[in-house]
Number of protein chains: 2
Amino acid sequence: MQRTPDLESRTVPEDHQDLRLWLRLLTCCNLIEGEIRSRLRTEFETTLPRFDLMAQLLRVPGGMKMSELSQHMMVTNGNITGITDQLEKEGLVERVKVASDRRSSLIRLTTKGKRTFKKMAKLHEEWIRSMFGGLSEQTRSALFEALGELKAMTRPKLSGRS
Amino acid sequence: MQRTPDLESRTVPEDHQDLRLWLRLLTCCNLIEGEIRSRLRTEFETTLPRFDLMAQLLRVPGGMKMSELSQHMMVTNGNITGITDQLEKEGLVERVKVASDRRSSLIRLTTKGKRTFKKMAKLHEEWIRSMFGGLSEQTRSALFEALGELKAMTRPKLSGRS
DNA sequence: TATTGTTATACTCTATAACTATA
DNA sequence: TATAGTTATAGAGTATAACAATA
């Protein structure tokens, strides 16, 4: 059986196993991410960072500060401002001033934002299920565990924050 | 032990296992990719696509056509032209006209390109090893196999090309 | 002084589509 | 007609850095 060309096919026999593993990981991720981005665009006219920001907000009804969002999404502060601006203009999120610190504000989903996001999230989860669903339960949990170890090793350790 | 916030932390208990798996995969990939991009930039003033293109060329001394490169790198044709232009300007690759089809040309590494790339590849592989090296042999092969299954399911099937 | 958030800027990466020159 | 490659364009995504307001 012929293989379809991709990043991994650049490897040569003497390449180290870890390199092959990395290229395979990257290829998988790019394939799935590309598919999700494309569907978010065509079906909901939105983007992955916008979707992710709304997903973060959904689980915290009271809202989150910009700095919290930037930590969770692992991008710098200025980017969060831009995404929030867009979503606010469309009435999906709102900035709420807090009395305790007048520099910061809480960002939270509006009613419209919650409704809109839940609709998107439902389909999004179906897409994911259809992409991962072909794996056996055993394979999925092996993958989950292995990635957990990898993440723990790779990420910069911060001192305790949830 | 507290967890560091990331994309995965947006999940709530009722979320499906596949969604958690996907977010964990995405987080791992982004962390590693970000690290590689950053090191390629600061240590070699280059980028991941440029590095990948050179990696593709190294294993085919005779050179590759633009269309082959675009298949392997899974991006559209115009992007390959741009990256090739940059690398050619720096004398790292060259376009070679072929007699059999005057529309196409072969791209291949120059001597300087080979030398430069080999130096980068050596360090690159050390970075990768240090990032994956903490995983047990068992975990690494489980990860490799699981990702292989996932890739086979996800990617669009093309009819036979190597 | 340090932190929160904003603004401005610049660059990489990418897709799309129109174009040319061959085949 | 179809293919190989180019060009132009637009937009996503990101980092950096200077800045204002507040702590």
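Right, let's walk through the structure included here. Note that the structure is a prediction, hence the values are computed from the model and not measured. (Residues numbered from 1 in each chain as written. Chains lettered and ligands numbered in written order. Predicted model: local features only at pLDDT ≥ 70, side-chain atom pairs only at ≥ 80, totals over all residues. Heavy atoms only, no water.)

With that settled, consider the interface of chain B and chain A. Of the residues lining the interface, 66 residues belong to chain B; the matching set on chain A comes to 66 residues. When chain B packs against chain A, close to 7200 Å² is buried across both sides, 69% of that on carbon and sulfur atoms. The largest per-residue losses of area from chain B upon contact with chain A belong to Arg10(B), Trp22(B) and Phe144(B), which jointly make up 10% of the total buried on that side. One salt bridge connects Glu8(B) with Lys151(A), and the closest N-O pair in it is separated by 2.4 Å. (Contact = heavy atoms within 4.5 Å. Buried area = accessible area lost by both parts, 1.4 Å probe. Salt bridge = Lys/Arg side-chain N within 4 Å of Asp/Glu carboxyl O.)

This part takes up the pattern of salt bridges. Residues and elements named next belong to chain B. Under the definition given, this model contains 26 salt bridges over all chains. One salt bridge connects Arg 24 with Glu 8, and the closest N-O pair in it is separated by 3.1 Å. Of the two residues, Arg 24 sits in helix 1 (residues 17–44) while Glu 8 sits in the segment before helix 1, which places them 16 residues apart along the sequence. An identical accessibility class is assigned to Arg 24 and Glu 8; each is buried. Its salt-bridge partner being Arg 39, residue Glu 35 comes within 2.8 Å of it at the nearest N-O pair. (Helix = DSSP H or I, 4+ residues; strand = E, 2+ residues; numbered from the N terminus. Buried < 20%, exposed > 50% of the residue type's maximum accessible area, 1.4 Å probe, protein only.)

Quick look at the relation of the copies chain B and chain A now. Superposition of chain B onto chain A requires a rotation of 180° combined with a translation of 0.0 Å along the rotation axis, giving an RMSD of 0.1 Å. In the structure described here, the two chain copies are related by an operation that fits a two-fold rotation axis. Taking C-alpha positions as reference, the residue of chain B nearest the rotation axis is Leu143(B), located at 2.9 Å. A symmetric contact is evident, with 100% of the interface residues of chain B recurring at the interface of chain A. (Least-squares fit on C-alpha atoms with pLDDT ≥ 70 in both.)

Along the chain, the position of Asp6(A) falls in the segment before helix 1 (17–44). For Asp6(A), a relative accessible area of 1% corresponds to the buried category. Taking the C-alpha atoms as reference points, Asp6(A) and Arg24(A), 18 residues apart in sequence, are found 9.1 Å from one another. Look past the residues within four positions of Asp6(A) in its chain and what remains in contact with it is Thr27(A), Gln56(B), His72(B), Met74(B), Lys151(B) and Arg155(B). Within the structure, Asp6(A) has its side chain in polar contact with the backbone nitrogen of Glu8(A) (distance 2.7 Å). Only 2.9 Å separates the side chain of Asp6(A) from the side chain of Lys151(B), close enough to count as a polar contact. (Polar contact = N/O pair within 3.5 Å; in protein donor to acceptor, adjacent residues only side chain to side chain.)

This part is about the pairing of strand 3 (residues 105–109) of chain B. In regular strands, side chains alternate between the two faces of the sheet. Residues and elements named next belong to chain B. Burial along strand 3 is one-sided: Ser 105, Ile 107 and Leu 109 are buried, while Leu 106 and Arg 108, pointing the other way, are not. The sheet contact formed by strand 1 (residues 64–65) and strand 3 spans two bridges and is antiparallel. Opposite Lys 65, over in strand 3, you have Leu 106 as the bridge partner. The sheet contact formed by strand 2 (residues 93–97) and strand 3 spans five bridges and is antiparallel. From the neighbouring strand, Val 93 faces strand 3, where its bridge partner is Leu 109. (Pairing = 2+ DSSP bridges.)

Moving on, we come to the protein's contact with DNA strand C. Taken together, 20 residues form the shell around DNA strand C, and within it Met66(A), Arg103(A), Thr47(B), Pro49(B) and Arg102(B) come nearest. Sugar and phosphate atoms form 67% of the subset of DNA strand C atoms that lie within 4 Å of the protein. Note that a phosphate oxygen of DNA strand C is positioned 2.8 Å from one of the backbone N or O atoms of Arg102(B). Every element with two or more residues in the surface near DNA strand C is listed here: helix 3 (66–73) and helix 4 (77–89) of chain A together with helix 2 (48–58) of chain B. Element by element, the count of residues in the surface near DNA strand C is highest for helix 4 of chain A, at three residues. Along the lines of polarity and charge, the residues of the surface near DNA strand C split into four nonpolar, nine polar and seven charged. (Near = heavy atom within 4 Å. Nonpolar A, V, L, I, M, F, W, Y, C, P; charged D, E, K, R; others polar.)

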